[in-house]
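Overview (structure and organization)
Here is what each chain is made of, one letter per residue.
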Amino acid sequence: MADNSTLVSETGRSLLADTSVLDSKIIETSKENVFPGSVLDVEEEMPQIETRVVLVQEAGKHEELLKALETIKIMEVPVIKIKETSPGKSEEKLIKSIIHMEIKVPYIKTDTIEELGDSDSPEFETIFVVSDFQDSTFNNLCKADCRVIGPPVVLHCAQKGEALPFSCRPLYCASMLNLVLCFTGFRKKDELVKLVTLVHHMGGIIRRDFSSKVTHLVASSTHGDKFRIAVSLGTPIMKAEWIYKAWEKRNEIDFCAADDDFRNQFKVPPFQDCMLSFLGFSDDERANMEEMTEMQGGHYLPVGDERCTHLVVEESTVKDLPFEPLKKLYVVKQEWFWGSIQMDARAGESMYLFEKSESPGLKKSVSLLSLNTPNSNRKRRRLKETLAQLTRETDMSPFPPQTPKSCARPSKNSTPLPLKQSARWQVAKELYQTESNYVDILTTIIQLFQVPLEKEGQLGGPILAQEEIKTIFGSIPDILDVHIKIKEDLEDLMINWTENKSIGDIILKYSKDLLKTYPPFVNFFEMSKETITRCEKQKPRFHAFLKINQAKPECGRQSLAELLIRPVQRLPSVALLLNDIKKHTAEENPDKVTLERAIESLKEVMTHINEDKRKTEAQKQFFDVVYEVDGCPANLLSSHRSLVQRLETVALGDDLCDRGEQVTLFLFNDCLEIARKRHKVIGAFKSPHGHTRPPASLKHVVLMPLSQIKKVLDIRETEDCHKAFALVVRPPTELNNKLLSFQMTTEEPPKEDWLKMLCRHVANTICKADAENLIYTADPDSVEVNTKDMDSTLSRASRAIKKTSKKVTRAFSFSKTPKRALRRALMSHSATEGRSPSSANESYIGSRLTSTSSLAGVPSPSLVSLPSIFEKRSHTLSRSTTHLI
């Protein structure tokens, strides 16, 4: 792009020159070593020249381009100054500078270059704007060493309020502005020349040798020193297609080739040009690794195939290779495979070469433990001492991670304790040991997983988003800080042990901190596990990251999810140990009462956690309902409302929806949400953070307050009716009761339990104590309910035909009546009958629960004369003899 070096001069003359004049004599110095007035001196010595912007052919017809040029007032102009090196020598050097000069005439239009005639005159500084960088006019301008730019450069400068730039090469757009590229692996000169030319046209800079200043390496092969250095520095390694696709977008003003979303499509995959084989893995793991290989641009072959470039070995199961490998074959550990995926580039093989496990030290240790020798007694004694030592080490730390320096603290316990101690001391020692191990586990979680994921400048970019990291680890650092302090206090207590030392005081001292740090993590632990599972499936780099780190000895062969469950288990474990210490504490010991208080404080923390968790789960259930039901009313969300039960049913009447449709009932403590299954599921919703939410599978029908339910009918089981029940409801806008009948489609909960639960919440809503009086038993014939044909093929076909006919009717209805027009018609009809518009309006609102058959005067099987039924209750209805639990 434009050269930003500035003129340094003492004496001499100024010349206006094109970049072709610049040769090896030119010295470019940075602005940091220049006197502020040097450029002004040059401008004072500069002859008066005229600046021109010439629009060639099609560029002159671009209206947006003409408006942009009218807003640009200055351009960059190159200046050459000749200066003698010393007074006594005639040798001269050229010093280049870029200055800004005013554009007096916005633009000049021309169809041919010959019309100007003076384009190479030093009295003019001319910029040619050309739309096509491949035609003969462009080639002629390049041969004449003219300054050529494309329309996108002009539009870009106008948008940014910048001067027209100087470039020693034709510049079409600024898509690769400030990018420094280096090439490797290209064997065809014509292809390389074409790529370099396009990069220059987009404002990029090319470097022959790779250095830290290179921003992108364009590679045709994954071999060579440049590739290895780029991997070690974390420099993005791109395919040649990246440049071609960027050139296709050259007319987009705001496009940048370095944009992550665009660039990541063309990164060289880790296993490009690689043929992999896998040895020593289980069938499932090998299948997973083969799938990952193809996802990352590689191919896999059977073990022993001569075309194979890499043999990946499970070092813990394979002790020797089944064949002699070829010299060109890399035999690597599985860490190389996962490491390459994690860094999103092929890792160097030299660090991960597989070596046969023939350790002389191991053989020596085995021979020393052999008991089949004349000196077996001495060796048995040595073995016994060795095992005793191992037992002591294991007893002190059954989970031995390499604690990082940032979190490790030297143990103060350097003096041996007496061999025989009280039972109270033994349990206190166990509390300290488990606390020490717990601190080590939390430290491992943070240092081995959280810190690397949060680290800036990761090779290949961030593995996870910050929101995902926060969701996974939550308040683990805060929990660790509290337990480090508890461990230190327990360690001091064990060093200075006496039977009167108070263990309960230590727990009470940090009870408030425990109450503050634990609930946020425990309440969202399930969400943390779900995030780990989802990210591991969707993000190969995170899957590789877990594979590498979970295999380290610090993890003790446990996964991240298994390690994260330790905080959930810790407080109950501490409570049990404190109970055990209390049992071995004398009655006269002051710590007896303190331990009881400490145990109560832990129970309080756990109760608070459970209560918070219950509230959190209830809120999550609320939002699950809102997301699952399309058109769910916003007023369903309320702080005092909770979800009690969900029930899957089939509609037995036509009031709410078509008979036989699948209906879901959501029972809340004060209302009943009724939704039907969607006939057509919409696409998935994607949140701003990238999380995809499943599409809504249900459609809202009605949200009914429980106070509208007047009776609950338990319909008797018969040969033609199974698991059916009905609700007698009265909407506030209706004069008569409605009967809504359903058939349960699930075994859980049992119908009897469901009806009792429903009646109990209805009674609570209307402030009645006799919930059992709401349940009535009814015969199927009395309410005209039948479930016999619900599961028949003919019934399903009939319902499908009915839905299809409705869709066809709607599709061919060319004169659809708007709802507002229909409402006005109803209101006017009511007015002619002497009713007020308000009553008509109320009737319209209540029509949601009014069946079409009742409007037509035809009796519906599910809508009968309810008063007559209850008048003959002695014959058709009997009160349920069941009692509420």
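Reference entry: report on the structure contained in this document.

Looking only at helices and strands, one finds 29 helices and 28 strands in the chain. Of all 885 residues assigned to the chain, the portion counted as buried reaches 42%.

This part takes up the pattern of salt bridges. Summed over the entire model, instances satisfying the criterion amount to 27 salt bridges. R286 is the partner of D283 in a salt bridge, and the nearest nitrogen-oxygen pair spans 3.3 Å. Of the two residues, D283 and R286 both sit in helix α9 (residues 283-295), 3 residues apart, roughly one turn of that helix. On the accessibility criterion, R286 (29% relative accessible area) is partly exposed. The salt bridge involving R646 is made with E648; its shortest N-O contact spans 2.9 Å.

Next up on the list: the side chain of K267. You can see K267 is positioned in the loop between α8 (260-263) and β13 (275-279). Within the local environment of K267, its side chain forms a polar contact with the side chain of D344, the two groups lying 3.3 Å apart. Residues in contact with K267, not counting those within four places in the same chain, are I237, M238, K239, D344 and G460.

Before going further, it helps to spend a moment on the packing of aromatic side chains. Applying the stated criterion to the full structure yields 16 aromatic pairs. Both rings, one in F255 and one in F262, keep their centres 4.9 Å apart while their planes meet at 90°; by these two values the pair is edge-to-face. With a relative accessible area of 12%, F255 lands in the buried category. For F262, a relative accessible area of 8% corresponds to the buried category. Centre to centre, the rings of F521 and F525 are 6.1 Å apart; their planes meet at 50°, and the pair counts as tilted. You'll find F521 and F525 in the same group, each marked buried. What links up through ring pairs into an aromatic cluster is the set F271, F278, F281, W336, F337 and W338.

On to the packing of helix α2 (residues 63-71) against helix α4 (residues 151-160). Orientation of α2 relative to α4, taken along the N-to-C sense of each, is 45°, at an axis distance of 9 Å. When the axis of α2 is compared with that of α4, the two are oblique. The element α2 and its partner α4 pack so that their crossing is left-handed. Contact with α2, carried on its side by E64, L65, A68, L69 and T71, involves P151, V154, L155 and A158 of α4 and no other residues of that element. Here the contact of α2 with α4 is built from residues that sort into 7 nonpolar, 1 polar and 1 charged.

Another aspect to go through is the environment of E562. The topology assignment puts E562 in helix α20 (residues 560-564). Considered as a pair, E562 and K529 are 33 residues apart in the sequence and their alpha carbons are 9.4 Å apart. Within the local environment of E562, its side chain forms a polar contact with the backbone nitrogen of S559, the two atoms lying 2.9 Å apart.

Looking now at α4. Among the 10 residues that make up α4, 7 are buried, leaving the element largely enclosed by the rest of the structure. Among all positions of α4, only P151, P152, V153, V154, L155, H156 and C157 are buried. Along its buried surface, α4 packs onto α2, β7 (124-129) and β8 (147-149). Backbone geometry just after α4 places G161 at a positive phi near 70°.

Its location among the elements puts T664 in strand β19 (residues 662-668). Take T664: its relative accessible area is 2%, and that puts it in the buried class. Spatially, the C-alpha atom of T664 lies 9.6 Å from that of K699, the residues being 35 residues apart in sequence. Apart from the residues lying within four places of it in its own chain, the contact partners of T664 are R646, L647, E648, E673, I674, A675 and L698. Looking at T664, its side chain comes within polar contact range of the side chain of E648, at 2.9 Å.

What follows is about the pairing of β7. Among the 6 residues of β7, 6 are classified as buried, and the element is accordingly described as predominantly covered. Of the two faces of β7, both are covered, the one formed by F124, T126 and F128 as well as the one formed by E125, I127 and V129. Bridge analysis of β7 against β8 gives 3 bridges, and the strand direction is parallel. Each residue of the ladder has a partner; that of V129, found in β8, is I149. Handedness of the crossover joining β7 and β8 through helix α3 (residues 136-143) is recorded here as right-handed.

Attention shifts here to the sheet that holds strand β6 (residues 108-110). The sheet built from 4 strands is open, its strands ordered β6-β3-β7-β8 with parallel pairing. Only two strands of the sheet have a single neighbouring strand rather than two, namely β6 and β8. Strand-to-strand twist of the sheet, defined as the mean angle between neighbouring strand axes without regard to direction, takes the value 30°. Lying over the sheet, α2 contacts β3 (50-56), β6 and β7, oriented at roughly 170° with respect to β3.

Next up on the list: the sheet that holds strand β11 (residues 216-219). Taken together, the 4 strands give an open sheet; going across it, the order is β10-β9-β11-β12, and neighbouring strands pair in parallel fashion. Among the strands making up the open sheet, the edge pair consists of β10 (205-206) and β12 (237-238). When strand β9 (residues 180-184) meets β11, the two strands line up parallel, connected through 4 bridges. Each bridged residue has a counterpart across the sheet, and for T184 the counterpart in β11 is A219. Across the sheet, helix α5 (residues 189-201) lies against β9 and β10, angled at about 175° from β9, the strand it touches most.

As defined by bridge partners, strand β18 (residues 643-651) adjoins β19 across 7 bridges and the pair is classed as antiparallel. Directly across from L643, in β19, lies its bridge partner F668. Summarising the sheet, β18 and strand β26 (residues 738-744) pair through 3 bridges and their orientation is antiparallel. When the sheet's bridge partners are listed, T649 is paired in β26 with M744.

Here the focus is the nonpolar core. Ranked by internal contacts, the top residues of the largest apolar core, which has 60 residues, are F542 and L578. Tallying contributions element by element places helix α13 (residues 423-454) first for this core, with 14 residues. Not counting the four nearest positions on each side in its chain, L578 is found in contact with L431, I503, I507, L595, A598, I599 and L602. Formed by 33 residues, the second largest nonpolar core is a distinct cluster that contains V130, C146, C173 and L179.

Definitions and limits used
Residues numbered from 1 in each chain as written. Predicted model: local features only at pLDDT ≥ 70, side-chain atom pairs only at ≥ 80, totals over all residues. Heavy atoms only, no water. Helix = DSSP H or I, 4+ residues; strand = E, 2+ residues; numbered from the N terminus. Buried < 20%, exposed > 50% of the residue type's maximum accessible area, 1.4 Å probe, protein only. Salt bridge = Lys/Arg side-chain N within 4 Å of Asp/Glu carboxyl O. Polar contact = N/O pair within 3.5 Å; in protein donor to acceptor, adjacent residues only side chain to side chain. Contact = heavy atoms within 4.5 Å. Phe/Tyr/Trp six-rings, centres within 6.5 Å; stacked < 30°, edge-to-face > 60°. Axes fitted to C-alpha atoms, helices over the stretch in contact; angles between N-to-C directions. Parallel < 35°, antiparallel > 145°, perpendicular 65-115°, else oblique. Left-handed = near helix turned anticlockwise from the far one by under 90°. Nonpolar A, V, L, I, M, F, W, Y, C, P; charged D, E, K, R; others polar. Pairing = 2+ DSSP bridges. Right-handed = clockwise from strand over helix to strand, strands pointing away. Core = buried A, V, L, I, M, F, W, Y, C linked by side-chain atoms within 4.5 Å.

Just geometry here; none of it tells us what the structure is for.
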